[in-house]
Amino acid sequence: MSTNAIEIVQFTLKQSADLAQFEQANSAFQQFIDQQPGVLYRSLATHPDTAQYVDVVYFETMADAKRIGDAFMEHPICQQFLQLIEKDRVTLARYNAVSQTPCEQSA
């Protein structure tokens, strides 16, 4: 059994959010995530009909997921990302991975 953890966050952008501004904030957030020890993979997707987003992050351990979640609430880059989101429409769930296929990145 894996010790990896998966975090799934669903959210909607504020109506006042500028898409270009969100793309910049997401790019900065991705750089923040890429620098965090314990992060294996992140994917952001949007539903074409509802404009709802889903952010999926794989972590080495649940402790990594919690540590980075705590850092998210404090870091200025993450706060810029968060300012564009409808906070009352965010759902977050963390799971322990039971089975998974390795994600291989091409060079």
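Residues numbered from 1 in each chain as written. Predicted model: local features only at pLDDT ≥ 70, side-chain atom pairs only at ≥ 80, totals over all residues. Heavy atoms only, no water.

### Structural notes on the pattern of salt bridges
Scanning all chains against the criterion turns up three salt bridges. E7 is paired through a salt bridge with R94; the nearest N and O atoms lie 2.8 Å apart. Pair noted here: E7 is in strand β1 (residues 5–12) and R94 is in strand β4 (residues 91–96), with a separation of 87 residues, a long-range link. Residue class for E7 comes out buried when judged on its relative accessible area of 11%. Between R67 and D64 there is a salt bridge, with its nearest N and O atoms 3.0 Å apart. You can see R67 and its partner D64 sitting in helix α2 (residues 62–72), three residues apart, about one turn around the helix. (Salt bridge = Lys/Arg side-chain N within 4 Å of Asp/Glu carboxyl O. Helix = DSSP H or I, 4+ residues; strand = E, 2+ residues; numbered from the N terminus. Buried < 20%, exposed > 50% of the residue type's maximum accessible area, 1.4 Å probe, protein only.)

### Considerations on the sheet that holds β4
Reading across the sheet, the four strands line up as β2-β3-β1-β4 and stay open at both edges, with antiparallel pairing between neighbours. Of all the strands in the sheet, just β2 (39–46) and β4 have a single pairing partner and so form its edges. Strand-to-strand twist in this sheet, taken as the mean axis angle between neighbours without regard to direction, amounts to 15°. As paired elements, β1 and β4 share six bridges and run antiparallel to each other. Residue V9 lies in a different strand from β4, and its bridge partner there is L92. (Pairing = 2+ DSSP bridges. Axes fitted to C-alpha atoms, helices over the stretch in contact; angles between N-to-C directions.)

### Comments concerning helix α1 (residues 19–34)
Across its 16 residues, α1 extends 22 Å between first and last C-alpha, which sits within 8% of the 22 Å expected from 1.5 Å per residue. When we look at burial in α1, the residues that qualify are F22, A25, N26, F29, F32 and I33. Considered in projection along α1, the buried side chains sweep an arc of 115° and stay on one side of the axis. Residues of α1 that are exposed and point more than 90 degrees away from the buried face comprise Q24 and D34. The elements touched by buried residues of α1 are β1, β2, β3 (52–59), α2 and α3 (76–82). (Expected span 1.5 Å × (residues − 1). Arc of directions from axis to C-beta. Contact = heavy atoms within 4.5 Å.)

### A word on unusual backbone geometry
Positive phi values are uncommon outside glycine, yet A51 reaches one of about 60°. Within the secondary structure layout, A51 lies in the loop between β2 and β3.

### Structural notes on α2
Residues three or four positions apart in an α-helix share a direction because the helix packs 3.6 residues into each turn. Taken together, the buried positions of α2 are M62, D64, A65, I68, G69 and F72. The buried residues of α2 occupy an angular sector of 155° when the element is viewed end-on, so they sit on one face. Pointing more than 90 degrees away from the buried face of α2 are the exposed residues A63 and D70. On its buried face, α2 sits against β1, α1, β2, β3, α3 and β4.

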